[in-house]
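Fold and contact review
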Amino acid sequence: MNCDENMDTANIGIIGVGKLGFSLVQGLVKSGYPVSSIHVFDKSKSMLDRAAELGLKVCGSLEELVSFSNIIIISVRPNDVEGVARELAKIRVEGKKVISTAAFVSLRALEELIGTPSVYRAMPNIAAEVNSSFTALSPPNRKDISIEKIFSYIGVVEWVDEQVLDALTITSSSTPAVVAELMDAFVLASLRAGVPLDVARRSVAMVFQGIGKLAEQKELWSIRNTVATPGGTTVRLLQKLYEHGVKEKLLSALVEAYEEYSKKLGEYREKEAKKE
């Protein structure tokens with residue numbers, strides 16, 4: 001989604017411009033969102049310097065950022081969210097909308113820490129940098145057009161229940177790292193076959209990009225069956241993958257990772273309950 005210059009744009013304040021936070025601002029800038037409407041704050045001077053190079057408004061304190069912003073995005077690590085939320089509570093953010101992109105920390109905990117009901121959670125991924133993120137927003141019973149519009153500039157948006165958003169931490173937010181590993185395997189195999197590195201990288205990137213678009217329109221099995229012809233090279237390739245248990249092992253790894261994450265999420269929720 002490109003930003004219409006004639007469209008009203010909210011003043012956004014982003015707290016934390018590390019890996020995810022910087023991906024968000026990069027995507028917003030590329031979409032045409034006015035840099036004069038994006039304010040950032042980070043404890044790291046190097047992070048702020050990098051943001052300033054994009055023309056963003058760098059703030060020297062949370063107070064300054066809040067004063068300029070209608071919508072505030074907390075993009076820090078889960079362990080740092082409580083500290084930021086308590087600082088925001090001191091500043092008083094009535095009338096402003098606050099969104100956290102952190103995993104684990106619940107809406108209920110955020111509302112209690114900040115002291116305002118206008119709190120939301122977002123779960124984007126680093127593809128926001130190229131305006132191709134899938135972003136889950138919650139809660140769906142308080143859909144907000146201005147928040148949805150902001151995240152639409154960096155990709156596709158879906159309003160979901162908080163428990164679904166928590167699950168998407170593994171299958172959407174963390175998945176880019178897994179996909180990168182898979183793509184790297186294809187690149188290495190191409191190199192082994194004698195394909196030049198630049199050609200291998202472009203071809204693999206286009207394959208994943210193209211199949212991603214097809215997957216929005218067709219069932220995955222249909223895509224597979226379209227390529228696999230009787231006695232052909234693709235069938236033999238699929239057979240080798242099945243013989244090595246690639247799909248089964250990948251699925252097992254993903255399920256185990258989710259189970260570990262779910263256990264840690266449960267521990268976070270228990271700690272939150274004790275603080276109430």
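Below, the structure is looked at part by part.

Conventions we followed
Residues numbered from 1 in each chain as written. Predicted model: local features only at pLDDT ≥ 70, side-chain atom pairs only at ≥ 80, totals over all residues. Heavy atoms only, no water. Core = buried A, V, L, I, M, F, W, Y, C linked by side-chain atoms within 4.5 Å. Buried < 20%, exposed > 50% of the residue type's maximum accessible area, 1.4 Å probe, protein only. Helix = DSSP H or I, 4+ residues; strand = E, 2+ residues; numbered from the N terminus. Pairing = 2+ DSSP bridges. Contact = heavy atoms within 4.5 Å. Axes fitted to C-alpha atoms, helices over the stretch in contact; angles between N-to-C directions.

**Re the nonpolar core**
The biggest cluster of nonpolar side chains holds 34 residues, and the ones touching the most others in it are Ile15, Ile74, Leu88, Val98 and Ile114. Looking at this core, the elements with two or more residues in it are α3 (62-68), β4 (71-74), α4 (78-91), α5 (107-114), β6 (119-123), α7 (162-173) and α12 (246-275). The greatest single-element share of this core, amounting to five residues, is contributed by α5. Of all hydrophobic cores here, the second largest spans 28 residues; its members include Val40, Ala128, Ile147 and Phe151.

**Brief notes about the sheet that holds strand β5 (residues 97-100)**
Taken in spatial order, the eight strands line up as β3-β2-β1-β4-β5-β6-β7-β8 in an open sheet, and their pairing is mixed. Only two strands of the sheet have a single partner each, and these edge strands are β3 (57-58) and β8 (155-159). As paired elements, β6 and strand β7 (residues 133-138) share three bridges and run antiparallel to each other. Considered in β7, the bridge of arginine 121 is made with serine 138. The sheet contacts of α5 involve β4, β5, β6 and β7, and relative to β6 the element is tilted by about 135°. Strands in contact with helix α6 (residues 145-152) are β1 (12-15), β4, β5, β6, β7 and β8; relative to β8, the strand with the most contacts, it is inclined by about 145°.

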